[in-house]
Amino acid sequence: MSEPVDPSEEGASTGAESTEPISSDPAGASPVPINGSAPTESWSNVPRSPRTGARSAADPHTRHTGNAHGASDDDTMRLTEETLDAIQEAQIAEHRAAKKRRRKWPWITVAVIAVLGLAYVGAANYLGDRVPSGTKVASVNIGGLTRTAAIKRLDTELAPAAAKPISVVVGKSDQSQAIDPTTFSLALDSRATVNKVVGFSWNPVRLWQHLFGGSRIDPVLTVNKDALSQAVSSLATATNVAPQDASIAFTVPDGDGAPSVTVTPAVVGTELDQTAAVQVLSTEALTATQPIELAVTEKQPAITDEAAAETQKQAETLISDPLSVTVQGKVVELSPRDLASAATYSDKDGTLTLAIDGKKLGDIVRSGASDVLKAGTDARIEIVNHTTPTIVPSTNGVGIDDDALAKQVAEKGITTDRTVELDTVDVPASFTTEDAQKMGIKEVVSSIDTPLTSDNVRTTNLIVGTKMIQNTLVKPGDTFSLLNALGPITAERGFVSSGVVVNGFDSTALGGGLSQLSTNTFNLGYLAGLVDVEHQAHSFYFSRYPMGREATLWEGQIDMKWKNNTPYGVVIDNWVADGYVHSQLWSTKYWDVKVSDSGKYNIVQPGTKNNPAADCEPMGAGGVGFTVTVTRTVSLNGQVNDDLSGSMTWRYDPVDAVTCNKS
């Protein structure tokens, strides 16, 4: 039991601190309050004896307690202090030992790391020049080989594959394409490939691969990027599929069948992804499974099947029933077949839009209302009495506006109101009076007269022919064809059979003698400086024609043509009178023309030949054969035109005597 504390004792409590008894740990541990509370001060701060280090009597923590075994309080206190001193000294010793141990551990750790590092470096150096076992490049196994041996194996077994054609498919196509890799210099870089898995490396993965086996690695490839891009671009051009819009068309069957509407579905387009293709071919050409599938992007059509289905209803309405057109009280019915033949649907800004051929429907209306609608009359230029160019004025016709007709049909044809009313309009002639005045027909620019023969039948053909081409106008830039101007040479049109030359012998044929009209008309163009497009001289020379400047004619085989190369129109004026065929060309003078000939040379005398034809008539020898050269010089304002100027040479056969050997 504790004794009360004397308040007068030095250092004693004045009643503010606890008076709980303090027990001593039998094991020599530091004293703690019985109730388990921690001391308010560290024991290391308690004052000690100068000699022994024991706490002094003035220690405020000292308590006078009784001794259960009869020991004095001083002995107890002394024992406690010695025990505490021993514990503290042990703690200090332990603390010093711990500090020594802590100073040793970093050095031990560094030593261990150094040993491991040296071991790693040694292993990495030892294995660095050798490929990890099990390593493959494409299908070539290079595991366990040295750097040099691995490079050599790749050069031998894999590099040649870079020159072989690469098979590709674009998108989901079932047709493969072959690409020549030599066009873009595809090559295997064996050294760079091997260097990916050999050589010293701090990466532990590399050492792991050496110890436990490598894996498949991609080869390093080199290409000419520009050439590869060009090859891929060419492939895209060959394989891209443009999107196709859905479309609508009208079908008009032969005969009297009803028309129908046909819908063509839309097609989604595809376009090669060129960037992705370049990447694949420059990195995976030797490793990817062939054919290599190259990616594409889809291109959607502007007009879908859904849009076409809506328009189909409109199209079917258009051709469901006839449509009536009224012009000045005259009604013309356009049948579903008429409407279908003139109607089309086309893409306009991504929409199927109906278009009507107004001219086609207008012709049907004009034919059906011919008593109301009249075409205009073209102006004509006539050479009155072969002396006076005269313009016969044009007259306007009565017609309809084809565009207005097309617009109304497009609007009314897709509704239940199937009637169209049209106003008439003046329709100018295709060649108006003003057009005729601009032709400049005012003077004779060339002329020729050739004598008739005594064959009246032949003269009949010339009279008929000259009338058919009289007052023919050839506009600037147009080409005149005599056969086209004459039209079919038939008996119904007034032509008769007369003498002709066939295969070098005299014979007869329908239209005989028209070569004289051909000769005259050829000279009109030649002497006026026009372009000689087509002509052929006779095989025999006839003295009624100028040497080398004459032209024969044979329907379907030999024509006479020239082209008007002036800024003015030209009018042909031909007639038969006074034993001559007279010909004039009227226009405004443009070219200056000079014509000359060489005269006859290389003369050949006639001989005798036999004609086996059934209609052969014997005859005596005629004129000689010879060659002649004709020269024309064409100029404008003193400047010679080399294209129009020049010479032409012709060889005439002699007129041999003819004997007949009739069977």
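Conventions and cut-offs
- Residues numbered from 1 in each chain as written.
- Predicted model: local features only at pLDDT ≥ 70, side-chain atom pairs only at ≥ 80, totals over all residues.
- Heavy atoms only, no water.
- Helix = DSSP H or I, 4+ residues; strand = E, 2+ residues; numbered from the N terminus.
- Buried < 20%, exposed > 50% of the residue type's maximum accessible area, 1.4 Å probe, protein only.
- Contact = heavy atoms within 4.5 Å.
- Disulfide = S-S within 2.5 Å.
- Pairing = 2+ DSSP bridges.
- Axes fitted to C-alpha atoms, helices over the stretch in contact; angles between N-to-C directions.
- Parallel < 35°, antiparallel > 145°, perpendicular 65-115°, else oblique.
- Nonpolar A, V, L, I, M, F, W, Y, C, P; charged D, E, K, R; others polar.

Undergrad: Honestly, the overall build of the protein chain in this entry has me stumped. Any pointers?
TA: Along the backbone of the protein chain there are 14 helices and 39 strands. Put simply, the protein chain has 663 residues, and 34% of those count as buried. Counting only contacts in the protein chain whose residues sit at least 6 apart along the sequence, the fraction spanning at least 24 positions is 70%.

Undergrad: Honestly, the state of the cysteines in this entry has me stumped. Any pointers?
TA: Here a disulfide denotes a covalent bond joining the sulfur atom of one cysteine to the sulfur atom of another. Here the structure, examined in full by the defined rule, presents one disulfide. A sulfur-sulfur distance of 1.9 Å marks the disulfide that ties Cys-616 to Cys-660. On the sign convention where negative means left-handed, the S-S torsion of about -75 degrees between Cys-616 and Cys-660 marks this disulfide as left-handed. Placement of Cys-616 in the loop between β35 (608-611) and β36 (625-636) and of Cys-660 in strand β39 (residues 657-660) is noted, with a sequence separation of 44 residues between them. Under the relative-accessibility criterion, Cys-616 is labelled buried at 1%. Exposure remark for Cys-660: the relative accessible area of 26% places this residue in the partly exposed category.

Undergrad: Explanation requested: the sheet that holds strand β30 (residues 561-563) in the structure shown.
TA: Sheet strands line up and pair through hydrogen bonds in the backbone, either parallel or antiparallel. Within the open sheet, the three strands sit side by side as β26-β30-β29. Their pairing is antiparallel. At either end of the open sheet lies a strand with only one pairing partner, and these are β26 (479-481) and β29 (531-534). Across the sheet, the axes of successive neighbouring strands diverge by a mean angle of 25 degrees, strand direction being ignored. When β29 meets β30, the two strands line up antiparallel, connected through three bridges. Bridge pairing in β30 links Glu-534 to Lys-561.

Undergrad: What exactly am I supposed to notice about the packing of helix α12 (residues 456-469) against helix α14 (residues 514-527) here?
TA: Helix-helix packing: each pair is described by the crossing angle between the helix axes and the interaxial distance. It is at 8 Å that the axes of α12 and α14 come closest, and there the two elements cross at 45 degrees. With respect to each other, α12 and α14 are oriented oblique. Of the residues in α14, those in contact with Arg-458, Asn-461, Leu-462, Gly-465, Thr-466 and Ile-469 of α12 are Leu-514, Gln-516, Leu-517 and Thr-521. Of the residues contributing to the contact of α12 with α14, the split by class is four nonpolar, five polar and one charged.

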